[in-house]
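Here are the chains, one letter per residue:
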Amino acid sequence: MSPSTSKDAPPPLPEPLRVAVADSHTHLDMQSGTVEEGLAKAASVGVTTVVQVGCDVKGSRWAAETAAQYDNVHAAVALHPNEAPRIVLGDPGFTSQPPGAGGGGARRGARPGGGEAALDEALAEIEALAALGHVKAVGETGLDHFRTGPEGMAAQERSFRAHIEIAKRQGKALVIHDRDAHADVLRVLREEGAPERTVFHCYSGDADMARECAAAGYYMSFAGTVTFKNAAPLREALAVAPLELVLVETDAPYLTPAPYRGRPNAPYLIPLTVRAMAAVRGIDEDAMATALAANTARAFDY
């Protein structure tokens, strides 16, 4: 197999977009190459802004520091849903997220098995980071019923509720990780009262859920999954979501769009997803990109 077709090789540059857009959710710290290289490659195809997302205390610090260095990087800070049980219970089963899991990679930073006090300490640091001006969002937070068993649900839900309150206190957007937990995520948002700007990262619900999110004013961010052959329900959701509530993301290095599924993802591949989304909506790619750019700036207040 030649290097250009290796499953480990980065996909080629797509045709540039004519209207610049933002990657609303990426993990630069989990991608190969330097930040400068990643941003330059993205900008060369019309992806001129990225939201760098933290998944634990250490990763959130890195996100905030990186956003402070680069004008076109905005930070989101949080404890990933699978991090909260790890902090409280110290179960090694909560320490990693496999590729394609809708967010997060190797967990770093928190002391394992520290109990509720350790979770409180981590949440306090997340709030301190969320108060910074270049931090635009609290997330990714939410619920993950795929990786967390019943013994970890209480810690996960307590962490989610705490992040909602942090976002509201700091006036920041809330970025939600929802894996196999649609009904419970929506329930907690109703019970707590969602922040004014709430984003479902890597939206994975169906058309009915999209209508419910739209009624509540929640943004829905679509990743490379919308290009997958088996993702018809996701495309149906995109078709009914109000255009003004739609975002695009990579969740890189995960969820690489077709035809490069399984190879490393990065912000420069956003044009592939934008074009697929435009086709689903029946509009041209410039109109799609224009809407996405405006929506992302509004959702993250930059």
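Going by the structure above, here's the rest.
Residues numbered from 1 in each chain as written. Predicted model: local features only at pLDDT ≥ 70, side-chain atom pairs only at ≥ 80, totals over all residues. Heavy atoms only, no water.

(A) Geometry of unusual backbone geometry. Cis geometry marks the peptide bond from G139 to E140; its omega dihedral reads 15°. With respect to the helices and strands, E140 occurs in strand β4 (residues 135-144). With a phi angle near 45°, C202 is a residue other than glycine that sits in the positive phi range. The phi torsion at D301 lies on the positive side, around 55°, for a residue other than glycine. (Helix = DSSP H or I, 4+ residues; strand = E, 2+ residues; numbered from the N terminus.)

(B) Expanded view of the layout of surface pockets. Its boundaries defined by the atoms lining it, the second largest pocket holds a volume of some 300 Å³. In terms of lining, the second largest pocket is formed by 17 residues, of which the most central are Q31, S32, G33, N265 and A266. Taken together, the residues of the lining of the second largest pocket break down into 8 nonpolar, 6 polar and 3 charged. (1 Å grid on protein atoms, 1.4 Å probe; cavity = no way out; pocket = protein on both sides within 12 Å on 5 of 7 lines; lining within 4 Å. Points joined across faces, edges and corners; volume = space filled by probe spheres on them. Nonpolar A, V, L, I, M, F, W, Y, C, P; charged D, E, K, R; others polar.)

(C) How the structure looks around the packing of helix α4 (residues 115-130) against helix α5 (residues 150-170). Where α4 contacts α5, the two axes come as close as 10 Å, and the packing angle between them is 25°. Relative to α5, the element α4 lies roughly parallel. Relative to α5, α4 is oriented so that their crossing is right-handed. Where α4 abuts α5, its residues E116, L119, D120, L123, I126, E127 and A130 lie against A155, R158, S159, A162, H163, I166, R169 and Q170. Of the residues belonging to the contact of α4 with α5, the class tally is 7 nonpolar, 3 polar and 5 charged. (Axes fitted to C-alpha atoms, helices over the stretch in contact; angles between N-to-C directions. Parallel < 35°, antiparallel > 145°, perpendicular 65-115°, else oblique. Left-handed = near helix turned anticlockwise from the far one by under 90°. Contact = heavy atoms within 4.5 Å.)

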